[in-house]
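Per-entry structural report
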Amino acid sequence: MSGVRLLVGTRKGAFLLTSDAGRKDWGISGPHFPGWEIYHMNASPVNPDRIYASQSNAWFGQIMQRSDDGGATWSAIGNEFAYEGIPGTHQWYDGTQHPWEFKRVWHLEPSLTEVDTVYAGVEDAALFKSTDAGTTWTELSGLRLHNSGPSWQPGAGGMCLHTIILDPVNPDRIFVAISAAGAFRTDDGGKTWKPINKGLNSQYIPDPTAEVGHCVHRIAMNPTRPDVLFMQKHWDVLRSDNAGDSWVEVSGNLPTDFGFPIAVHSHEPETVYVVPIKSDAEHFPLDGKLRVYRSKTGGNEWQELAKGLPENNCYVNVLRDAMAVDTLDSCGVYFGTTGGQVYASSNGGDDWTPIVRDLPAVLSVEVQTFQ
Amino acid sequence: MIRVTLPAHLRRLAGTGEEVTVEVDGPVTQRSILDALERSYPMLRGTIREYGTNKRRAFLRFFANGIDVSLESPDAPVAPEITSGTEAFMIIGAIAGG
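What counts as what
- Residues numbered from 1 in each chain as written.
- Chains lettered and ligands numbered in written order.
- Predicted model: local features only at pLDDT ≥ 70, side-chain atom pairs only at ≥ 80, totals over all residues.
- Helix = DSSP H or I, 4+ residues; strand = E, 2+ residues; numbered from the N terminus.
- Rg over C-alpha atoms; globule rule 2.2 N^0.38 Å.
- Buried ≥ 20, exposed ≤ 12 C-beta atoms within 10 Å, placed from the backbone.
- Contact = placed C-beta atoms within 7 Å.
- Pairing = 2+ DSSP bridges.
- Core = buried A, V, L, I, M, F, W, Y, C linked by C-beta atoms within 7 Å.
- Axes fitted to C-alpha atoms, helices over the stretch in contact; angles between N-to-C directions.

A few points about the overall build of chain A
Regarding its fold elements, chain A presents zero helices and 30 strands. On C-alpha atoms alone, chain A measures out to a radius of gyration of 19 Å, which is about the 21 Å that the 2.2 N^0.38 rule sets for 371 residues. Along the three orthogonal principal directions, the C-alpha set of chain A runs to about 50 × 45 × 40 Å. For chain A, the proportion of its 371 residues judged to be buried stands at 53%. Sequence-distant contacts, at least 24 apart, represent 50% of the contacts inside chain A between residues at least 6 apart.

Dropping the structure here:
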């Protein structure tokens, strides 16, 4: 039977939301790991029963969990993330140098082809890889050791590697994004990396067009066109048609181009979704109206999607990893809010319904599609 | 046998009750107790002491026989009440965060 399973990470535990392809009636399990922050969960495309979860809190640090039965049971796996060699320093908020210190795992990206391989993006920014299903982790240190590393600076949420995109065509190509260093790409499986931030313009940094230093919030790709990327930056929405070699702004008629998540329709690679947020000082929707904006033209021309979303008095945020699309024939779009709601649209964003309203603050949403 | 009490989050992680017992070889110190605890419950590695430095995590405190021993040397002998099993070595999460 076809259907979907949402993997929802929150401030106080993990929740699994399941439905058949109708996406009207939902079953909810959780909280798993109650009381813990679940920054991210993600499942293996090779074995959908294998799900990884990043579990942490300030008291006890980082725990990693793995389920091999679709989230019914979980086992703690390796949680040692040791930087290779002497980690060195990066720039701190005040401009001084600060030691590289592991804090947490922000994002997990299982391999598209190898069932036991999974990548982890961490704070302070680095990329780790496991080839034994999370038992041990090894840093792909070429990224952190890029010669720009000492100039990387944390964003307000920490210096996190929050986006990992594996190229479905070229297994040696990986894209990552770091707040607030920018986007990087490897074409040799993670040995060497190059910044891919040409065309980004960030007025709030000393050199607005610097090679690194941009606060990239999220990058998204439709797997049928791996050279086309969409980016939600701190301010500005951008696209690249050459695998990040250059970017152009496509904010167009958005009411505000500040925001966190960005997603691409699973069947229409020029259809893109963002959630405009008022500003970097006021992390909530404009005028208290929660809205998704959709462009069917790859940017610049954006359409407000409102049906089923709060019309007033809504002051939640939608975080960078909290939006996802399924691959059913009628593309489902999902996002979670810091107010604990998870909204679903089973028709590409035309209509929205809350699946749940009162979860803890939602940190991440991923979706698995079962055909 | 050394008795150790765990904070709620770690009990759930380790699948234990409030108190566990561990066997310590040699002198009974903070370090040897925590080494034994992590041997018996490997999922607790990194949650009480940081990887690499083995330093106590900042929001945790250790109590022995009612006394905060968090700042004492990890290799100092603990109170005889802990060694004898009369009292439990307590790992406590700080009340912080609202």
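From this point, things continue past the structure.
A word on the sheet that holds strand 20 (residues 237-240) of chain A
Strand order in the open sheet formed by four strands is 18-19-20-21 (chain A), and the pairing between neighbours is antiparallel. A single partner strand is all that each edge strand has here, and the edge strands are strand 18 (216-221) and strand 21 (248-249) of chain A.

So, the nonpolar core
Of all hydrophobic cores here, the largest spans 134 residues; its most connected members are A:Tyr334, A:Val342 and A:Val365. With residues near it in sequence (within four places) discarded, A:Val342 still touches A:Leu6, A:Val8, A:Leu17, A:Tyr334, A:Gly336, A:Pro354, A:Ile355, A:Val356, A:Leu359, A:Val362 and A:Val365.

Some thoughts on the sheet that holds strand 23 (residues 272-274) of chain A
Pairing between the strands of a sheet is mediated by backbone hydrogen bonds and can be parallel or antiparallel. Residues and elements named next belong to chain A. Strand order in the open sheet formed by four strands is 22-23-24-25, and the pairing between neighbours is antiparallel. In the strand order of this sheet, the two ends are held by strand 22 (262-264) and strand 25 (303-305), each with one partner. In this sheet, adjacent strand axes meet at a mean angle of 25° when their direction is disregarded. Two elements, strand 22 and strand 23, share three bridges in a ladder whose sense is antiparallel. Bridge pairing in strand 23 links Ala263 to Tyr273.

Geometry only, nothing functional implied.
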